[in-house]
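Below are the chains, spelled out letter by letter.
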Amino acid sequence: SKKKGGVYDSSVGGQGGGYGGDSSLAQFEQSGTVLGGTGDFRDVPFAFDSDQLDGAAMDAVRANAGVLQSQGDRRVEIEGHCDERGTSEYNLALGARRARAMKDAMVGAGISADRMSTVSYGEELPLCKESTESCWTTNRRAHFTDLSR
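As the structure is a computational prediction, the values presented were derived from the model and not from experiment.

J.: Help me get a handle on the overall build of the protein chain, residues and values and all.
T.: For the protein chain, the count of helices and strands is four helices and five strands. Secondary structure of the protein chain in N-to-C order comes out as β-α-β-α-β-α-β-α-β. For the protein chain, contacts bridging at least 24 residues in sequence account for 73% of all contacts bridging at least 6. About 6,700 Å² of surface is accessible on the protein chain, with carbon and sulfur atoms providing 52% of the total.

Structure representation (structure tokens):
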């Protein structure tokens, strides 16, 4: 299955419901904006031009894995996002690497790979639209979408 504007790594069927579980694309299509860190899952931060998971990212991995471990029927899509710097093509590839790094870390935390899919939106669905370091930091993230609802 292919979504407009995103690049899939793998697919898990379903569609989120409510802003906390909707994909960033669905949020944008419904409201013209994207919300981050809503629902049961934490957004995962990344450093500039990196797909490496630092301490804050690993804290979010543990929290998100805990949600999935306690609710074995939930399935998620992990979205990779970037800031506006770099080409669209580069940022789609970087977003895909970020989503994959997060999926790999979740597998390492005991979550079955078949409960997760990944997609990259690159720089296309920012949380913040200002050209500032603070805004760019906010946009560099992995976002979890609940596909179970």
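So much for the structure itself; the text now carries on.
J.: Can you lay out the pattern of salt bridges for me, pointing to particular residues and giving the numbers?
T.: For the coordinates displayed, the defined rule picks out ten salt bridges. Between Arg 74 and Asp 40 there is a salt bridge; the shortest N-O distance is 2.7 Å. Taken as a pair, Arg 74 in the loop between helix 2 (55–70) and strand 3 (76–81) and Asp 40 in the loop between helix 1 (24–31) and strand 2 (44–45) lie far apart in primary sequence, 34 residues in all. Between Asp 43 and Arg 141 there is a salt bridge, with its nearest N and O atoms 3.9 Å apart. Separated by 98 residues along the polypeptide, Asp 43 in the loop between helix 1 and strand 2 and Arg 141 in strand 5 (residues 141–146) bring together distant segments of the chain.

J.: An account of the environment of Val 76 is needed here, citing residue identities and associated values.
T.: Looking at the element boundaries, Val 76 is found in strand 3. In this structure, the C-alpha to C-alpha distance between Val 76 and Leu 147, residues 71 residues apart in sequence, is 5.1 Å. Setting aside chain neighbours within four positions, we find Val 76 in contact with Phe 41, Leu 68, Arg 115, Met 116, Ser 117, Phe 144, Thr 145, Asp 146 and Leu 147.

J.: Talk me through the packing of aromatic side chains; I want residue IDs and the actual numbers.
T.: The description of an aromatic ring pair uses the distance of the two centres, along with the angle that the planes make with each other. Evaluation of the coordinates by the stated rule reveals one aromatic pair. Ring centres of Phe 41 and Phe 144 lie 5.6 Å apart, and the angle between their planes is 20 degrees; on these two criteria the pair is classed as stacked. Remark: Phe 144 occurs in strand 5 and Phe 41 occurs in the loop between helix 1 and strand 2; sequence separation between them is 103 residues. Judged on exposure class, the residue Phe 41 and its partner Phe 144 are both buried. Here Arg 97 stacks its cationic end above the ring of Tyr 90, 5.8 Å away from the centre of that ring.

J.: Kindly report on helix 2, identifying the contributing residues and their values.
T.: One turn of the α-helix equals 3.6 residues, which is why residues spaced by three or four share an orientation. In a regular helix each residue adds 1.5 Å, so 16 residues correspond to 22 Å; helix 2 covers 23 Å between its end C-alpha atoms and thus fits that length. Those residues of helix 2 that sit buried are Ala 57, Ala 60, Val 61, Asn 64, Ala 65, Val 67 and Leu 68. Summarising the axial view, the buried residues of helix 2 lie within an arc of 155 degrees, below the 170-degree limit, and thus occupy one face. Relative to its buried face, helix 2 has exposed residues pointing more than 90 degrees away, namely Arg 62 and Ser 70. Buried residues belonging to helix 2 abut strand 2, strand 3, helix 3 (88–108) and strand 5. For helix 2, the N-terminal cap is Asp 54; the gap from its side-chain oxygen to the backbone nitrogen of Ala 56 is 3.2 Å.

J.: Requested: an account of the pairing of strand 4 (residues 116–122), with residues and values cited.
T.: Burial within strand 4 is extensive, with seven of its seven residues counted as buried. Residues of strand 4 alternate between two faces, with Met 116, Thr 118, Ser 120 and Gly 122 on one and Ser 117, Val 119 and Tyr 121 on the opposite face, all of them buried. Note that strand 3 and strand 4 share six bridges and pair parallel. Looking across to strand 4, one finds that Glu 79 is bridged to Val 119. In this region the chain leaves strand 3, passes through helix 3 and returns to the parallel neighbour strand 4; the handedness of that crossover is right-handed.

Criteria and thresholds
Residues numbered from 1 in each chain as written. Predicted model: local features only at pLDDT ≥ 70, side-chain atom pairs only at ≥ 80, totals over all residues. Heavy atoms only, no water. Helix = DSSP H or I, 4+ residues; strand = E, 2+ residues; numbered from the N terminus. Contact = heavy atoms within 4.5 Å. Areas by Shrake-Rupley, 256 points an atom, 1.4 Å probe, with all protein chains shown as cover. Salt bridge = Lys/Arg side-chain N within 4 Å of Asp/Glu carboxyl O. Phe/Tyr/Trp six-rings, centres within 6.5 Å; stacked < 30°, edge-to-face > 60°. Buried < 20%, exposed > 50% of the residue type's maximum accessible area, 1.4 Å probe, protein only. Lys NZ or Arg CZ within 6 Å of the ring centre and 35° of its normal. Expected span 1.5 Å × (residues − 1). Arc of directions from axis to C-beta. Polar contact = N/O pair within 3.5 Å; in protein donor to acceptor, adjacent residues only side chain to side chain. Pairing = 2+ DSSP bridges. Right-handed = clockwise from strand over helix to strand, strands pointing away.

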